[in-house]
Amino acid sequence: MSWIPAPVQELIDAALVTEMTVVRADDRPITYPLIPLWDGEKVLMTSSILFSRKLEHLKDNPRVALSFSDPLALGGRPGRATVQGDARVVDGDPHTDWEQVLPLWAAKEPVILQFLKARVAFPLFFERSVVEVTPRRVLFWPDGDATRPPEVTEGAG
Amino acid sequence: MDLRTGVAMFEPAEGLTRLVTFPFALLSYVGDDGYPVSAALDAEVDVETGTASFAPPAGLSVPLEREISLTGSHIRPRPGYGYDERRHVTVWGRAATVADGRLAMRATAAWGWDEASIPFPEYVERQVGQSRRYLARLSAELGRPVRPRLSLGWLTLRATRLPFLSATFIPVLVGLAIALLHFGPAFDLVAALLTLIGATAVHLGLNVANDVFDARLGADEKNVNPTQYSGGSRVIQYGLVSLRDMAFISIAMYAIAIGVGLVLLLTRFSLELLAIGAAGILLSFFYTAPPLKLVYRGLGEIVVGLGFGPIMLLGAYVVQSGGAVPLEPVIASIPIGLLVALILYVNEVPDRPADARAGKRTLPVRLSRPAVVNLYLGAALAAFAVIAVGVIVGVLPIPALVALLGLPLVRRVHEGLQRYYESPYGLMAIMAVNIRVHVVVGGLLLLAYVVVIALAALAPGVPLFLPDLLR
């Protein structure tokens with residue numbers, strides 16, 4: 001049972017995209033759009049080795065913020081949330097490790113199964129790492145309005 | 001814009017210009033506890049002054065001493081499919097308090113991607129260097145080499161460009177069909193199979209050697225718009241097969257081809273066969289190989305037309321004839337050679353910026369856009385004219401006219417070339433149609449000979465050539 005408020009879990013589950021902000025070596029924030037997958041405890045994402053700069057940043061500094069803020073990508077839901085947490089990059093075997101999240105991924109992007117059948121055409125795209133984010137703190141704006149303070153929920157530990 | 005490092009950096013003003021097109025901005029900064037913080041807000045962008053201002057989000061403390069960023073991000077959901085219209089931009093700068101408690105950020109740097117301006121396949125291609133760097137780092141971390149993989153079957157298909165073998169099968173099978181028509185019971189089936197194996201080996205050796213030398217000469221590395229039909233197999237650039245292994249595969253293929261050629265020569269010594277075989281192997285090898293590098297000197301289209309037209313077709317015929325070369329196979333080889341040269345020619349259109357950078361003086365590199373399009377039409381029509389004239393003068397059999405059914409495809413390629421000349425990915429469908437022109441015309445020509453062979457056997461009195469019909 002996750003400590004994350006149910007409305008925020010619903011946003012994560014519904015979101016087609018999240019903006020993941022990581023910290024670069026020069027302490028600048030840098031933001032990448034990714035497909036968030038919710039397994040009920042952690043937010044999972046995958047990244048091709050082609051777009052692996054973010055993974056290098058995460059290995060150097062695992063602290064991240066995931067923003068769920070675009071109503072279009074949230075199925076029209078007005079709420080907005082930011083999930084802060086610690087990321088772990090799973091890339092022991094970029095050829096197969098990510099396949100564990102394929103069912104969750106295909107649920108959000110069904111066409112990926114068609115692309116996967118044509119793997120020979122996109123060999124590097126399907127060499128991927130999994131980014132596993134353990135949430136630590138959640139900022140929630142129920143009506144999406146950041147001129148009002150967010151509801152803050154802290155995770156245990 | 002600089003994409004060479006794997007990150008699409010651009011001028012701050014460009015970043016702000018893009019940011020203003022998004023319905024809201026995502027403010028991000030690194031909080032005092034070291035975790036990034038993000039909040040969606042409305043930002044007012046002033047490109048003239050290079051700033052973006054916004055009301056600070058309630059309850060959050062935006063740092064003034066550290067860099068912050070504003071991000072615009074958009075996708076269009078497509079239920080049952082996923083999404084499209086991907087674009088995002090991030091602009092960095094430092095915030096300062098201005099009037100009414102608002103904060104203003106002066107933009108200092110920006111990056112982003114918009115698939116409307118850089119198509120996803122090109123974006124992917126530009127990131128190949130980043131993937132290599134990442135795998136090198138991962139290999140060091142894990143203490144073992146980590147490489148991208150494909151199953152052996154897919155890798156073989158990709159590395160050798162197996163689907164292009166139709167360019168070999170068609171001339172060889174047409175040459176063998178004409179030989180079967182001419183020599184009937186004396187036709188040597190084992191020699192025919194050996195011919196097909198040898199020709200296939202030369203073609204695969206050429207494909208792989210082409211990748212090896214293009215990799216060494218830098219042409220494939222410079223190409224960021226490869227397609228399914230152009231830009232090489234990319235297996236070396238992607239790290240799927242090493243340059244050394246590709247060189248070995250190419251040598252092995254040529255060794256098979258030379259071995260088959262020697263067996264055929266020993267069983268039917270023929271100076272014509274020796275000349276055709278040697279020309280085929282030398283032209284295919286020196287297509288990209290130094291010192292000749294024929295394709296780099298603007299001779300690629302001619303070499304391919306000769307190699308996959310007259311040389312393949314006449315070679316297959318001469319194996320059966322023992323040396324005689326009548327006019328019929330010569331005429332039949334011309335349209336096949338022209339149409340296969342046009343496959344290369346059209347496939348070179350999207351490659352021309354990279355080819356020009358690598359010093360590859362292909363026809364599309366040297367000619368203007370109208371000239372390239374008109375030359376395509378002229379050469380394609382000439383191929384069909386040769387078939388028609390060949391039938392009229394009685395060199396080709398009447399059923400060969402069925403090959404003219406491929407003519408409407410030429411119109412589609414011609415129109416597509418005009419429309420998508422500057423769009424590599426728009427041209428992909430046109431390149432597929434252009435390959436079909438060769439396959440359809442060659443296939444119909446082959447079918448015509450099968451019909452002629454059957455009629456000659458079953459109904460010897462039926463006139464198969466126009467002069468016989470008119471007599």
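Keep in mind that what you see is a predicted model, and the values were worked out from it rather than measured.

Basis of the calculations
Residues numbered from 1 in each chain as written. Chains lettered and ligands numbered in written order. Predicted model: local features only at pLDDT ≥ 70, side-chain atom pairs only at ≥ 80, totals over all residues. Core = buried A, V, L, I, M, F, W, Y, C linked by C-beta atoms within 7 Å. Buried ≥ 20, exposed ≤ 12 C-beta atoms within 10 Å, placed from the backbone. Helix = DSSP H or I, 4+ residues; strand = E, 2+ residues; numbered from the N terminus. Contact = placed C-beta atoms within 7 Å. Pairing = 2+ DSSP bridges. Domains from an automatic or database assignment. pLDDT = per-residue confidence, 0-100. Nonpolar A, V, L, I, M, F, W, Y, C, P; charged D, E, K, R; others polar. Expected span 1.5 Å × (residues − 1).

### Let's talk about the nonpolar core
Residues and elements named next belong to chain B.
- Of all hydrophobic cores here, the largest spans 173 residues; its most connected members are Ala-52, Val-174 and Val-346.
- Ranked by residue count, the leading element in this core is helix H11 (residues 327-357), at 12 residues.
- Ignoring any residue separated from it by four or fewer positions in sequence, one finds Val-174 in contact with Leu-313, Ala-332, Ile-336, Gly-442, Leu-445, Leu-446 and Tyr-449.

### Considerations on the pairing of strand E5 (residues 51-54) of chain B
Residue and element names in this part refer to chain B.
- Burial along E5 is one-sided: the face carrying Ala-52 and Phe-54 is buried and the face carrying Thr-51 and Ser-53 is not.
- Judged from the four bridges that link them, strand E4 (residues 43-46) and E5 form a sheet pairing that is antiparallel. When the bridges of E5 are listed, Asp-46 appears paired with Thr-51.
- Connecting E4 to the next strand, E5, in antiparallel fashion are four residues, including Gly-50 with a positive phi near 70°.
- Inspection of the sheet shows E5 paired to strand E8 (residues 103-114) by four bridges, in the antiparallel sense. Looking across to E8, one finds that Ser-53 is bridged to Ala-104.

### Thoughts on the pairing of strand E6 (residues 80-90) of chain A
Residues and elements named next belong to chain A.
- Where strand E5 (residues 63-68) lies against E6, six bridges are found, and the strand directions are antiparallel. Looking at the pairing, Val-64 lines up with Gly-85 of E6.
- As defined by bridge partners, E6 adjoins strand E7 (residues 128-141) across 11 bridges and the pair is classed as antiparallel. The residue of E7 that forms the bridge with Val-83 is Val-138.

### Some thoughts on the domain arrangement of chain B
- Domain boundaries assigned for chain B yield domain 1 (9-117), domain 2 (119-148) and domain 3 (152-470).
- Placing the centre of domain 1 of chain B and that of domain 3 of chain B at their C-alpha centroids yields a distance of 54 Å.

### Structural notes on the confidence of the model for chain B
All names here are of chain B.
- Mean pLDDT over chain B works out to 93, with 99% of the residues at or above the 70 mark.
- Across residues 1-6, where pLDDT falls below 50, the model places nine contacts with residues more than four positions away in sequence or in other chains.
- Quick note on the complex model: pTM equals 0.86, ipTM equals 0.96.

### A look at the interface of chain B and chain A
- At the interface, 51 residues of chain B touch 50 residues of chain A.
- Within the residue set of the side of chain B that touches chain A, elements represented by two or more residues are strand E2 (25-30), strand E3 (36-41), strand E6 (67-78), strand E7 (82-97), helix H3 (128-142) and helix H4 (152-160) of chain B.
- With seven residues, the top contributor of residues to the side of chain B that touches chain A is H3(B).
- Its residues placed into classes, the side of chain B that touches chain A shows 30 nonpolar, 16 polar and five charged.

### Re helix H8 (residues 243-267) of chain B
Residues and elements named next belong to chain B.
- With 25 residues, H8 extends 36 Å between its outermost C-alpha atoms, agreeing within 8% with the 36 Å of an ideal straight helix rising 1.5 Å per residue.
- For H8, the complete set of buried residues consists of Met-246, Ile-249, Ser-250, Met-253, Tyr-254, Ala-257, Val-260, Gly-261 and Leu-264.
- Of the surrounding secondary structure, the elements contacted by the buried residues of H8 are H4, helix H6 (189-217), helix H9 (271-285) and helix H10 (300-321).

### Comments concerning unusual backbone geometry
- Note the cis peptide between Pro290(B) and Pro291(B), where omega equals 0°.
- By the element assignment, Pro291(B) lies in the loop between H9 and H10.
- Its identity is not glycine, yet Asp27(A) carries a phi of approximately 70°, on the positive side.
- Along the chain, Asp27(A) falls in the loop between strand E1 (18-23) and strand E2 (29-34).
- Despite not being glycine, Glu85(B) has its phi angle at roughly 55°, a positive value.
- Its location among the elements puts Glu85(B) in strand E7.

### Thoughts on the environment of Ala316(B)
Residues and elements named next belong to chain B.
- As for its placement among the helices and strands, Ala-316 is situated in helix H10.
- Overall, Ala-316 belongs to the buried group, with 29 C-beta atoms counted inside 10 Å.
- Residues Ala-316 and Ala-177, spaced 139 residues apart in sequence, show a C-alpha to C-alpha distance of 9.3 Å.
- Setting aside residues up to four positions removed in sequence, Ala-316 forms contacts with Val-172, Gly-175, Leu-176, Ala-179 and Thr-195.

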